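Residue-level structure breakdown
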Amino acid sequence: MTATSDLAPRRLRDIFGNFASGLTVITSSTPEGPAGFTCQSFAALSLEPALVTFSPARTSTTWPVLREAGSFAVNILPAEHQHLAGQFARSGADKFAGVGHTASPLGNPILDNALAWIDCELQAEHDGGDHTIVVAAVRHLSARQDAEPLVFFKGRYA
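Being a predicted model, the structure only gives us computed values, none of them experimental.

**Remarks on the overall build of the protein chain**
Of regular secondary structure, the protein chain possesses three helices and twelve strands. Its C-alpha radius of gyration of 16 Å places the protein chain within 12% of the 15 Å reference for a compact globule of 158 residues. Each principal axis of the C-alpha distribution contributes one length, and for the protein chain these read about 50 × 35 × 35 Å. Sequence-distant contacts, at least 24 apart, represent 64% of the contacts inside the protein chain between residues at least 6 apart. Summed over its atoms, the accessible surface of the protein chain is roughly 9100 Å², and 55% of this surface lies on carbon and sulfur atoms. On the protein chain, the mean spot of the 11 positive side-chain charges and the mean spot of the 15 negative ones are 9 Å from each other.

As structure tokens, then:
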């Protein structure tokens, strides 16, 4: 392996892509209807208190709408929901078109057949360069046991 100091965004994306991650769709109920976006940068942060973190891009037009709502659900996608990862990543489209969902205890959209879901309330936001680091308090959660996760690795679904 040869080390490099090339920190160009394309090089960073290529190197960071070697870390396999799951895919989530962050959703909320808003006065204008349900809203959501695909998010790859999700992680558990703390068990006591129960906290999670994710990082939407500063260019996201959906995150400000969810922030205003104050609560949201993290839908962890199963392998069979690859199409939803793409659908919720598009800007300007009706992301919920044809997507079944039910309300969480906090009233947030839980996508039908999600691998797991975590109902959260916004706790804090921090500067993260070209992203915002969101910290959320976990309020409710559930998971299926009969599905495999959707994984993203080297720019592709796996």
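Next, the rest of the story.
**Focus: the side chain of S28**
Relative to the assigned elements, S28 resides in strand β2 (residues 24-30). Given a relative accessible area of 0%, S28 falls into the buried group. A distance of 2.8 Å separates a polar side-chain atom of S28 from the backbone oxygen of S71. Residues within four places of S28 in sequence aside, it is in contact with G33, P34, A35, L66, A69, S71, F72, N108 and P109.

**Considering the sheet that holds strand β11 (residues 151-153)**
With antiparallel pairing, the three strands of this open sheet are ordered in space as β1-β11-β12. Both edges of this open sheet fall to β1 (21-22) and β12 (156-157), since each of them pairs with a single strand only. The pairing of β11 with β12 spans two bridges and is antiparallel. The residue of β12 that forms the bridge with F153 is R156.

**Remarks on the pairing of β2**
Counting buried positions over the seven residues of β2 gives six, a clear majority of the element. Pairing of β2 with strand β3 (residues 33-39), which is carried by seven bridges, proceeds in the antiparallel orientation. Among the inter-strand pairings, S29 is bridged to a residue of β3, identified as P34. Count of turn residues in the β2/β3 antiparallel hairpin: two residues. Sheet topology places β2 next to strand β6 (residues 71-76); four bridges connect them, and they run antiparallel. Each residue of the ladder has a partner; that of I26, found in β6, is V74.

**Here we look at unusual backbone geometry**
Here the amide bond leading from E48 into P49 is cis, since omega sits at 0°, within 30 degrees of zero. Residue placement: P49 occurs in the loop between β4 (42-46) and β5 (51-54).

**A look at the sheet that holds β2**
With antiparallel pairing, the seven strands of this open sheet are ordered in space as β3-β2-β6-β9-β10-β5-β4. The open sheet has two edge strands, β3 and β4, and neither has a second partner. Direction aside, the axes of adjacent strands within the sheet are offset by 35° on average. Here strand β9 (residues 116-128) runs beside strand β10 (residues 131-143); their pairing, made up of twelve bridges, is antiparallel.

**Considering the pattern of salt bridges**
This structure, assessed with the given rule, holds six salt bridges. One salt bridge in this structure joins R139 and E121, with 2.8 Å as the shortest N-O distance. Residue R139 is found in strand β10, and its partner E121 is found in strand β9; the two are separated by 18 residues along the sequence. Linking R144 and D146 is a salt bridge whose minimum nitrogen-to-oxygen distance equals 2.8 Å. Owing to a relative accessible area of 61%, D146 belongs among the exposed residues under this scheme.

The rules behind the values
- Residues numbered from 1 in each chain as written.
- Predicted model: local features only at pLDDT ≥ 70, side-chain atom pairs only at ≥ 80, totals over all residues.
- Heavy atoms only, no water.
- Helix = DSSP H or I, 4+ residues; strand = E, 2+ residues; numbered from the N terminus.
- Rg over C-alpha atoms; globule rule 2.2 N^0.38 Å.
- Contact = heavy atoms within 4.5 Å.
- Areas by Shrake-Rupley, 256 points an atom, 1.4 Å probe, with all protein chains shown as cover.
- Lys, Arg positive; Asp, Glu negative; His and termini not counted.
- Charge placed at Lys NZ, Arg CZ, Asp CG, Glu CD.
- Buried < 20%, exposed > 50% of the residue type's maximum accessible area, 1.4 Å probe, protein only.
- Polar contact = N/O pair within 3.5 Å; in protein donor to acceptor, adjacent residues only side chain to side chain.
- Pairing = 2+ DSSP bridges.
- Axes fitted to C-alpha atoms, helices over the stretch in contact; angles between N-to-C directions.
- Salt bridge = Lys/Arg side-chain N within 4 Å of Asp/Glu carboxyl O.

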